[in-house]
Every structure is written in structure tokens, then in C-alpha cells.
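An overview of the molecular structure
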Amino acid sequence: MRVAGFARVNAAVMLLFVVIVHHNKSDRIFKEYLNLQRFVAIICFLFLTCAVAVQAHGETPTLFPVHKKGKGGFIDKTGKIIIPLKFDAVGDFSEGFARVEINDKWGFIDESGKIVVEPQFSWAWNFSEELARVQVNGRAFDYSGRWGFIDKSGKVVIEAKFDELDGVAEKSQGFREGLAMIQVDYKKGFIDKSGKMVIEPQFAYGYHFTEGLACVTTGLDEKWGCIDKSGSWVVPQIFDDASLFSENYAPVTFNGICGFIDKTGKSVLEPKFENDANGDCSVVIGHFTEGLSRWRIGDKFGYIDKSGKIVIEPKFDYTDEFSEGLAWVEIDDKVGFIDKSGNIVIELKEYHKAENFSGGLAYVITKNGEHGYIDKTGKYIWKPAKQSE
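The present account deals with the structure reproduced in this document. (Residues numbered from 1 in each chain as written. Predicted model: local features only at pLDDT ≥ 70, side-chain atom pairs only at ≥ 80, totals over all residues. Heavy atoms only, no water.)

Before going further, it helps to spend a moment on the state of the cysteines. Across all of its chains, the model carries two disulfides by this definition. Across a sulfur-sulfur distance of 2.2 Å, cysteine 215 and cysteine 226 are joined as a disulfide pair. Its torsion about the S-S bond being 75 degrees, the disulfide of cysteine 215 and cysteine 226 is classed as right-handed. Of this pair, cysteine 215 sits in strand E17 (residues 214-217) while cysteine 226 sits in strand E18 (residues 224-227), placing them 11 residues apart in sequence. No difference in accessibility class separates cysteine 215 from cysteine 226, as the two residues are buried. Between the sulfur of cysteine 258 and that of cysteine 281 lies a disulfide, 1.9 Å long from S to S. The disulfide joining cysteine 258 to cysteine 281 has a torsion of about -100 degrees about its S-S bond and is therefore left-handed. With cysteine 258 in strand E22 (residues 257-261) and cysteine 281 in the loop between strand E23 (267-269) and strand E24 (293-297), the pair connects residues that are 23 residues apart, well separated along the chain. Of the two residues, cysteine 258 and cysteine 281, neither departs from the other in class, the shared state being buried. Cysteine pairing for the chain (bonded cysteines numbered in sequence order): 1-2, 3-4. (Disulfide = S-S within 2.5 Å. Helix = DSSP H or I, 4+ residues; strand = E, 2+ residues; numbered from the N terminus. Buried < 20%, exposed > 50% of the residue type's maximum accessible area, 1.4 Å probe, protein only.)

Turning to the sheet that holds strand E11 (residues 156-162), a few remarks are in order. Here we have four strands laid out as an open sheet, ordered E8-E9-E10-E11, and antiparallel in their pairing. Looking at which strands have only one partner, the edges of the open sheet turn out to be strand E8 (123-128) and E11. Ignoring which end each strand starts from, the neighbouring axes of this sheet average 15 degrees apart. Pairing of E8 with strand E9 (residues 131-135) involves four bridges; the strand directions are antiparallel. Within the sheet, the bridge partner assigned to phenylalanine 127 lies in E9 and is alanine 132. (Pairing = 2+ DSSP bridges. Axes fitted to C-alpha atoms, helices over the stretch in contact; angles between N-to-C directions.)

Attention now goes to the pairing of strand E34 (residues 380-385). Bridge count between strand E33 (residues 371-374) and E34: three bridges; the pairing is antiparallel. Looking at E34, one finds that tyrosine 373 is bridged to tryptophan 382. Counted along the chain from E33 to the antiparallel partner E34, the turn is five residues long, and its residue glycine 378 has a positive phi close to 90 degrees.

Right, let's get into the packing of aromatic side chains. Scanning the entire structure with this criterion turns up 23 aromatic pairs. Centroid distance tryptophan 123 to phenylalanine 141: 4.9 Å. Interplanar angle 50 degrees. Geometry classified as tilted. Highlighted residues: tryptophan 123 in strand E8 and phenylalanine 141 in the loop between E9 and strand E10 (147-150), separated in sequence by 18 residues. Across the pair, phenylalanine 141 and tryptophan 123 agree in class, each one buried. An aromatic cluster of three or more residues is present, and its members are Trp106, Trp123, Trp125, Phe141 and Trp147. In this arrangement the basic side chain of lysine 152 is found over the ring face of phenylalanine 127, its NZ or CZ atom lying 5.9 Å from the centre. A cation over a ring is seen here: lysine 376 above phenylalanine 357, with NZ or CZ 5.9 Å from the ring centre. (Phe/Tyr/Trp six-rings, centres within 6.5 Å; stacked < 30°, edge-to-face > 60°. Lys NZ or Arg CZ within 6 Å of the ring centre and 35° of its normal.)

We now examine the sheet that holds E22. Spatially, four strands are ordered E20-E21-E22-E23 in an open sheet, and the strand pairing comes out antiparallel. In the strand order of this sheet, the two ends are held by strand E20 (241-242) and E23, each with one partner. Two elements, E22 and E23, share two bridges in a ladder whose sense is antiparallel. Each bridged residue has a counterpart across the sheet, and for isoleucine 261 the counterpart in E23 is serine 267.

The next point concerns the environment of glycine 107. With respect to the helices and strands, glycine 107 occurs in strand E6 (residues 105-109). The contacts of glycine 107, once residues within four sequence positions are left out, are Ala98, Arg99, Val100, Val117, Glu118 and Pro119. (Contact = heavy atoms within 4.5 Å.)

Okay, the environment of tyrosine 207 next. Tracing the chain through its elements places tyrosine 207 in the loop between strand E16 (205-206) and E17. The spacing of tyrosine 207 and alanine 169 is 38 residues in sequence and 8.5 Å in space, taken between C-alpha atoms.

By themselves, these are just geometric observations and shouldn't be taken as functional.
Quick look at the structure:
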């Protein structure tokens, strides 16, 4: 979720705790308050670690969303405007379609810019495995809104009868490996493409399926494990946190210790580096992408390989996963990109935010809130500009 709707989704996540309190009044409120710190850690773990799903399962884009003066459109890799900036908001292309907003309603366009699904939905997520999750009624992310799935003709093919899927990153909103996560009465389960419930709603938090498994937990105070597509526990519920499998490994927290497990739940990597994160693995660990994972050592980040060997020395204030051979890093509030040898190949600048390279471009936001794209030389392909007037 690069351009469209980021603030609104963040607001929805922040409202979740308010809803928890509202639905658990009196004696439950104090307990939920005590659990807030863990709740926030889980949300951070969910959203931070789902970034890998964008890289591991996303397409290589040829068109890139841009906004300027309150309107959105698309450019190509050279920065040429291909689809004019005429929409109120736009999202990324996925499976040949991109979601667009007109007058507070969402629909879809194709790569020529033609509207193929008329804007009619309160919200829409990207197409994934030929279907897109949409909200059919109410204001966007209103808790009375009903969610279902449409096909590429815009037809509702899975009835809109599900709740908003809260506390879940964008890449977990669609179908993955034939199943989609849904929510009913604050519990999450999984349906197939016919809409059949194949794993009954029973989980409080979780991820979509990757490499045949999904890591989930049944409650805020409960342990995490991983299930297969029948709903059977393959990795037992013994972990404080668990995340997506990537390159056969999943990052976990066990009794405050950060490490990686294989698909049987066996610990395969537990680096013995001291850090100052006090057991909060969401600020220590990464996923393996392109053979490397970020790791916090002391108060700095470096990278390890699958043997646990440090291959890029810890000298960065913050880092992200590798994509297309590069990873963004932060030093003294400046952001640049390194290669897999640890060399800075795009000089550090005072960006507010940068995202991984995809399709040869990286999306950046400057300190004064202007949005743009750079290529792998660091050259601006889309000069940073304010999204709104």
C-alpha cells in the first residue's frame, strides 16, 4: 500500500483498541489496558513483517502510481505519464488492474486507463488470484460495513457478509495459495474461492498462507503456531510471536529470544548477538530475502546469512529487506541504499521514508512530505511533489 489510503488504514488500526474497549466494558477494560503494549507490538510485528510479502509475492510493476495536486494517475519506468492524473486516489496495479477512487467510491481501471469496474465500493483492495476484497456498504472501514469478493467483471462472487479484516496488512487482504483470511465476530478464519469456510473463524491475529503454512494465534495472551490448509497445527503453539515463512524460514520469538524456525517448528537459527531491544523481536529480526536477513546487534542493524554469519557489519540505525539486489538503510536520519556487499550505492539523503525497489524504481518521501520515485542510480524519475494542493 504505497500511495492510496495509507492514512485511512492507519486510522482504522488505531481505532481497533477503542473498539476492543467498547465491546469489553467494565472488568475487561483494565485487562485490555494492561495488554495494550503487547497489542501494539503484535500490530507492529504484523505490519512490519508483511512488507516481505509485497516483495516475495508481488508482481514486477510496469506502471507506478503518482499523485499531485489532489489527483492520481500512473507513470512508466522513465517517468512518462501513461494514465493522466485525473482520479481522486489510486493504488498499485495488480494482475492488470488498479483500484481508483472517484467521489469517495472505488473501482478499477486496466493498464490503458479504461474503467473496467465502475467506482461503487466504499473500499477495495487489489486483485489477487483473480478476486478482490471490497466493502459494499457504509463509509470506508465503518464497523457496520460488509466485505466480500468480486471478480474482474465487478460481479460479487463471494457474498459480502464478512467483517472488516482488522489488524492485518494489505498483502494479507487477498487470496494467497487459494485461501483468503476473513473475519466474523472478531475472529479470523479462511475461505476458498467458492466462498466455502475451510478453516472456521477462531484466530485473533495471523498472516496469510506462504509456502503452505499460515502462522496464527487464538488470542492476545495466547501463543503462536502455524497451521496447514486443513487448519491442522503443524507448528505447535509455543511461540510468543511468529511471522511469515520466506525462503523456508519464519522469524519467531520464544521466551524473549529471537530466531528462525523451519516448517516443522524446529529452531534452525538463533544468532547469539546481544541487542538492546529487550526481547521485542519486531525491532530485531527480519525475513530472509535474497539469502539475507537484517538483524539488530547492540543498537545497530546489519545482515546475516542462513548460517547466522554476519555478512554486512552492524552500522545502520535501521534497515529493511533486500529487493532487486538493494536494501534501504538509515544513518543519522538520512536514508540511502546498499548492495549485498554492504556498500552504499545510493547516497544518504534526508528522506522521511523510502521503500524497496520494485520494477527498477523506489518510492521515496522527502522530509517536507513530497512524494517521488528514484531509479537505481538515485536519480529522480518522478520529482518529489505534494500529493494534495
